Amino acid sequence: MKAKRYSTEFKSSIVALYNEGRSVNSLANEYHLAVQTVTGWVKNLKLSAFKAFILQKERILYMKKWFTIIASIFACFILAVIMVIYIYGPNINLYLLPPSPERYGKIAIKKMNTYGYFTNSKAWQKTEKKALVDMHSVHNYDEADAILQKIIKVAGGKHSQIVTTKQITTETEHYEEPTIINDNGLVTIHEPQFQGNTQQANEYANKINDFLFKRKHEIKSIIIDLSNNNGGDMAPMILGISSIIPDGNILSFVSPDGTSEKISLKKGTINAVGASIDLNHNIKLTNVPVAVIINKQTGSSGEITALALKKVSKVKYFGQNSASFTSANRTFPLYTGTTMYLTTAGVKDSKNKLYVNDPIVPDIQTNDPYGQAKQWINSFN
C-alpha cells in the first residue's frame, strides 16, 4: 500500500500545535497519525530551525567581517587624504589646522627655495640655512614674517617682497585713466600704472583701443609715454596699445633652468595672467613710427609694456634708464593673509635679449624726451 504524503503546511501546523503544548500522543490520535511520524516532524522542524539559525548567524558574521574590512579601507583612505592635505595642502594654501609659526615660516622658505630665481646661489644656500634655524625660535606669525622679509630678496632679487595684511589694509587702490592727445596726426598716449578691478581694466584698455580705431586713418605717428609707470597689471597696458604691436610672440618669461613661457598677442587677446579684457576693436596700425618714453620710475609691468613694444618695426626709446624691475613675479598667498611676491623668471624681448632686473636703456638718453621724440618722428615726414 502506497504511503500517504502530507503537505509541508500540514506538517508545520502539527508542529505548531505541539509547540503550543499538545502532546505527541494527543496529536497522533486526533489526526490519525503514527506517534513516530509526529515525533519525526517535530525533530525535523527543530533541526531546520537550528540550521536556519546557524545560517543566519553565519550571514551576520560574514556581513560584519566585510563591514569591518570596508570601514578599515575607508578609514585608511580618510587618513591618506588627511596626510596628503597636511603635507601638500600648504602648496595651495590649504590647511587642516593652523600651522605653528615655525611651520608657517618653513613652508614659505620652502616655496622660496623651490621657485625663487636666485636660489641656486651660494648666498641663498647660506641664507636659507640660517633662516631655518631662526624659525625655531619664533613665537608668532609676525616674527616669522620679519624673517621672511629679510631673506626674500636673496631668493628672488630686488623685485620680490613680502606684503603683510597690515600693509595691504593701509594701501588703497588708485585707478588712473590713460590720457590721449592728438596733435594733427601725432598721437601721444600716456599709460599710467594700472591698479584696479576688471571693469576698470576694460575701461583702461578700451579707451585707447576705441581712440585708435576711430582715428586710424588720421594717425601718422605715436608717442607712448610710460614715464612714472611703476607697474600693476600689464594686461590692460599692453592690450590698450595692441593695435600698434604685431600679433605673435612679444615676450617670454624665462626660468633659471632655461624653460620659457611665451607671451603672445592674437586678435586682441594676450595669453598672460591678469584681468579678463574684451577689446572693442581688433585693428592693426602698421608702418607707423612709435616713440617710447621711459624714465627712472618706469618699473615692473611698466617695463614689461615697454619691452612688448620692441616688436614694432619703427620704434625708438627716449628718456632715462628704467627702474630695473624687469622680471616676472609669482604670487604666493600665505596662511595669515600675507602675500609673497617672488621673482621666478626673467624677461626676454622679441629681439631675444634677456633681462633679469636689468634696466631698459633708451636709444636716446635725454632730459627732453618729448622734444627728441618729436624730432625723430619728424624725420619720417
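That block above? That's the structure.
What counts and what doesn't
- Residues numbered from 1 in each chain as written.
- Predicted model: local features only at pLDDT ≥ 70, side-chain atom pairs only at ≥ 80, totals over all residues.
- Heavy atoms only, no water.
- Helix = DSSP H or I, 4+ residues; strand = E, 2+ residues; numbered from the N terminus.
- Rg over C-alpha atoms; globule rule 2.2 N^0.38 Å.
- Contact = heavy atoms within 4.5 Å.
- Areas by Shrake-Rupley, 256 points an atom, 1.4 Å probe, with all protein chains shown as cover.
- Polar contact = N/O pair within 3.5 Å; in protein donor to acceptor, adjacent residues only side chain to side chain.
- Pairing = 2+ DSSP bridges.
- Axes fitted to C-alpha atoms, helices over the stretch in contact; angles between N-to-C directions.
- Buried < 20%, exposed > 50% of the residue type's maximum accessible area, 1.4 Å probe, protein only.
- Right-handed = clockwise from strand over helix to strand, strands pointing away.
- Phe/Tyr/Trp six-rings, centres within 6.5 Å; stacked < 30°, edge-to-face > 60°.
- Lys NZ or Arg CZ within 6 Å of the ring centre and 35° of its normal.

**What about the overall build of the protein?**
Now for step 1: Helix and strand content of the protein: 11 helices and 13 strands.
Now for step 2: Here the protein has a C-alpha radius of gyration of 40 Å; the compact-globule value for 381 residues is 21 Å, and the former is much larger.
Now for step 3: If one aligns the C-alpha atoms of the protein with their principal axes, the spans along those axes are about 135 × 60 × 40 Å.
Now for step 4: Considering only intrachain contacts with a sequence separation of at least 6, the fraction spanning at least 24 residues in the protein is 71%.
Now for step 5: When the accessible surface of the protein is summed, it comes to about 21500 Å², and 55% of that surface belongs to carbon and sulfur atoms.

**A word on the side chain of Asn 295**
Now for step 1: Tracing the chain through its elements places Asn 295 in the loop between strand E8 (290–294) and helix H10 (301–308).
Now for step 2: A polar side-chain atom of Asn 295 sits 3.0 Å from the main-chain amide nitrogen of Gln 297.
Now for step 3: Those residues in contact with Asn 295, other than ones at most four positions away along the chain, are Ser 227, Asn 228, Gln 320, Asn 321, Ser 322 and Ala 323.

**Remarks on the sheet that holds strand E13 (residues 364–365)**
Sheets are built from strands that pair by backbone hydrogen bonding, the pairs being arranged parallel or antiparallel.
Now for step 1: Taken together, six strands build an open sheet; the order of strands is E2-E3-E4-E8-E9-E13 and the sheet is mixed. Sheet topology places strand E2 (179–183) and E13 at the edges, where each strand pairs with a single neighbour.
Now for step 2: Against the sheet, helix H8 (residues 198–214) makes contact with E2, strand E3 (186–190) and strand E4 (221–225), and its axis sits at roughly 20 degrees relative to E2, the strand it touches most.

**What to know about the pairing of E4**
Now for step 1: With five of five residues buried, E4 lies mostly within the body of the structure.
Now for step 2: Burial along E4 is two-sided: the face carrying Ser 221, Ile 223 and Asp 225 and the face carrying Ile 222 and Ile 224 are both buried.
Now for step 3: Strand direction decides the pairing type here: E3 and E4, joined by five bridges, are parallel. Following the sheet pairing, Thr 188 is matched in E4 by Ile 223.
Now for step 4: Viewed along the sheet, the connection from E3 through H8 into E4 turns out right-handed.
Now for step 5: Looking at chain direction, E4 and E8 are connected through four bridges and run parallel. Considered in E8, the bridge of Ile 223 is made with Ala 291.

**Overview of the packing of aromatic side chains**
How two aromatic rings sit relative to each other is set out by the distance from centre to centre and by the angle between their planes.
Now for step 1: What the rule picks out here adds up to 11 aromatic pairs.
Now for step 2: With a centroid separation of 5.1 Å and an interplanar angle of 75 degrees, the aromatic rings of Tyr 95 and Tyr 335 are classed as edge-to-face. Of this pair, Tyr 95 sits in the loop between helix H3 (35–88) and helix H4 (101–115) while Tyr 335 sits in the loop between strand E10 (327–333) and strand E11 (339–349), placing them 240 residues apart in sequence.
Now for step 3: Tyr 95 sits in the buried class, given a relative accessible area of 15%.
Now for step 4: The partly exposed category is assigned to Tyr 335, whose relative accessible area is 33%.
Now for step 5: Geometrically, the ring pair formed by Tyr 175 and Phe 194 is edge-to-face, given 5.8 Å between the ring centres and 75 degrees between the ring planes. Of this pair, Tyr 175 sits in the loop between helix H7 (165–170) and E2 while Phe 194 sits in the loop between E3 and H8, and the two are 19 residues apart along the sequence.
Now for step 6: Put simply, the rings of Tyr 95, Tyr 104, Tyr 141 and Tyr 335 touch in pairs and so form one group of aromatic residues.
Now for step 7: Against the face of Tyr 86 rests Arg 103, its NZ or CZ located 4.0 Å from the ring centre.

By themselves, these are just geometric observations and shouldn't be taken as functional.
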